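Each chain, written out:
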Amino acid sequence: MDLRIFTEPQQGATYDTLLTVAKATEDLGFDAFFRSDHYLKMGSGDGLPGPTDAWITLAGLARETRRIRLGTLMTAGTFRLPGVLAVQVAQVDQMSGGRIELGLGAGWFEEEHKAYGIPFPKEKFARLEEQLAIVTGLWDTPVGQTFSYDGTYYQLTDSPALPKPAQSRVPVLIGGHGAVRTPRLAARHADEFNIPFASVQDSERQFTRVREAAEQAGRKGGDLVYSSALVACVGKDDAEVARRAAVIGREVDELKANGLAGSPAEVVDKIGRYAEIGASRIYLQCLDLSDLDHLELISSQVQSQLA
């Protein structure tokens, strides 16, 4: 079971804070550091000092880390043109020595689009389908050949399809709860399918849908990595769990029901239930980025039991 650290910087974090967490992620033996791609805070809090851009952040971290993989859950398709995104991701992959992964979603948070003047189109999912075809098509085009695409929303003519990533293929993550279109899209384009903040039962149903869609698309269901994203709130005793829950504004019982919360033994047990339905990777949503002791506890008391 791979454990990855997943952050939500729009809630309030500087680049230096993210760098500190990424270095701790690496030093403590976690598999990867991922971040959300948002420009506006959600819920309570002031979001200070303001948002950081996901791909600028990852470019910096690519030069400051050596082992961990880096990526997004999920880059919003509404934020970037697909040709430009292909260039950005390829360049950051080169900067990292081939450690980048691209999570790409349709975009959903209308308020942040309004706040920063970003168009929020009605038909986002069809755009996402074209974006995935373009990004992967540009990367897959052999050097010396060109790439063209004539879609409903995007048209590319004789693109040199450069630069290329350092990896032969940047892993593409697709996720979500949609019962029909999402599994079909994952079956066509994804290396990994991620379901965020879902129960074991709901996750199992969605994993089954994706496996069936993959088989229908001519792939093996096991060709994809299956992963879950869950909020983490671990403590060595009940008092520490309660303190960490209070800091992030959540109730312990709710966190235990909907996330990975409690003692290390409780969390290991629940991760095991996700493993039983086919998840081989967990993204730990860590909301208090100042609490590096939390990461150390998870590394020493949870990750060590899963190795």
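Definitions and cut-offs
- Within every chain, residues take consecutive numbers counted from 1 along the sequence as written.
- Whole-chain, interface and lining totals are the exception, using all residues; otherwise, since this is a predicted model, local features are given only for residues with pLDDT of at least 70 and side-chain atom pairs are given and counted only at 80 or more.
- Side-chain numbers here rest on the full set of heavy atoms in the structure, without hydrogens or water.
- Orientation is described by lines fitted to C-alpha atoms, with helices fitted over the stretch in contact, and by angles between N-to-C directions that extend from 0 to 180 degrees.
- Secondary structure follows DSSP: runs of H or I at least 4 residues long count as helices, runs of E at least 2 residues long count as strands, and numbering of each begins at the N terminus.
- Oblique is the label for any angle not under 35 degrees, not over 145, and not in the 65 to 115 range, which are roughly parallel, roughly antiparallel and roughly perpendicular in turn.
- Each crossing gets its hand from how the near helix is turned against the far one by less than a right angle, where anticlockwise is left-handed and clockwise is right-handed.
- We call two residues in contact whenever any of their non-hydrogen atoms come within 4.5 Å of each other.
- Throughout, the ten residues Ala, Val, Leu, Ile, Met, Phe, Trp, Tyr, Cys and Pro are labelled nonpolar, Asp, Glu, Lys and Arg are labelled charged, and all others, Gly among them, are labelled polar.
- A helix is expected to span 1.5 Å for every residue after the first.
- Three labels apply to residues, based on accessible area from a 1.4 Å probe with only protein chains included: buried if under 20% of the type maximum, exposed if over 50%, partly exposed otherwise in between.
- The criterion is simple. A nonpolar core is a set of buried Ala, Val, Leu, Ile, Met, Phe, Trp, Tyr and Cys residues joined through side-chain atoms within 4.5 Å.
- By definition here, a salt bridge exists when the distance from a side-chain nitrogen of Lys or Arg to a carboxyl oxygen of Asp or Glu is within 4 Å.

Draft legend 1. A look at the packing of helix α6 (residues 181-189) against helix α7 (residues 200-216). For the pair α6 and α7, interaxial distance at closest approach is 8 Å and the crossing angle is 50 degrees. As far as their axial angle goes, α7 and α6 are oblique. Handedness of the α6/α7 crossing: right-handed. Contacts from Thr182, Pro183, Arg184, Ala186 and Ala187 of α6 reach α7 at Gln206, Arg209, Val210, Ala213 and Ala214. Counted by class, the contact of α6 with α7 contains six nonpolar, two polar and two charged residues.

Draft legend 2. Local environment of helix α5 (residues 125-140). Given a rise of 1.5 Å per residue, 16 residues ought to cover 22 Å, and the 22 Å separating the end C-alpha atoms of α5 matches this to within 8%. Counting buried residues in α5 gives 12 out of 16 residues, a clear majority hidden from the surface. Residues of α5 that are buried: Phe125, Ala126, Leu128, Glu130, Gln131, Leu132, Ile134, Val135, Thr136, Gly137, Leu138 and Trp139. The secondary structure elements touched by the buried residues of α5 are α3 (82-96), β5 (100-105), β6 (147-150), β7 (155-159), β8 (172-175) and α6.

Draft legend 3. Representation of the nonpolar core. Ranked by internal contacts, the top residues of the largest apolar core, which has 73 residues, are Trp55, Trp139 and Leu284. Ranked by residue count, the leading element in this core is α5, at seven residues. Phe6, Phe34, Leu173 and Ala229 belong to the second-largest nonpolar core, a separate cluster that totals seven residues.

Draft legend 4. Highlighting the pattern of salt bridges. Taken as a whole, this structure holds 19 salt bridges when the rule is applied. One salt bridge in this structure joins Arg69 and Glu101, with 2.4 Å as the shortest N-O distance. Here Arg69, found in strand β3 (residues 69-72), pairs with Glu101, found in strand β5; they are 32 residues apart in sequence, far enough to count as distant. Of the residues examined, Glu101 reaches a relative accessible area of 3% and is grouped as buried. Among the ionic pairs, Glu240 bridges to Lys236, the shortest N-O distance being 2.7 Å. Note on Lys236: relative accessible area 57%, which makes it exposed. Because the salt bridges share partners, they merge into one network encompassing Lys236, Glu240, Arg243, Arg244 and Asp291.

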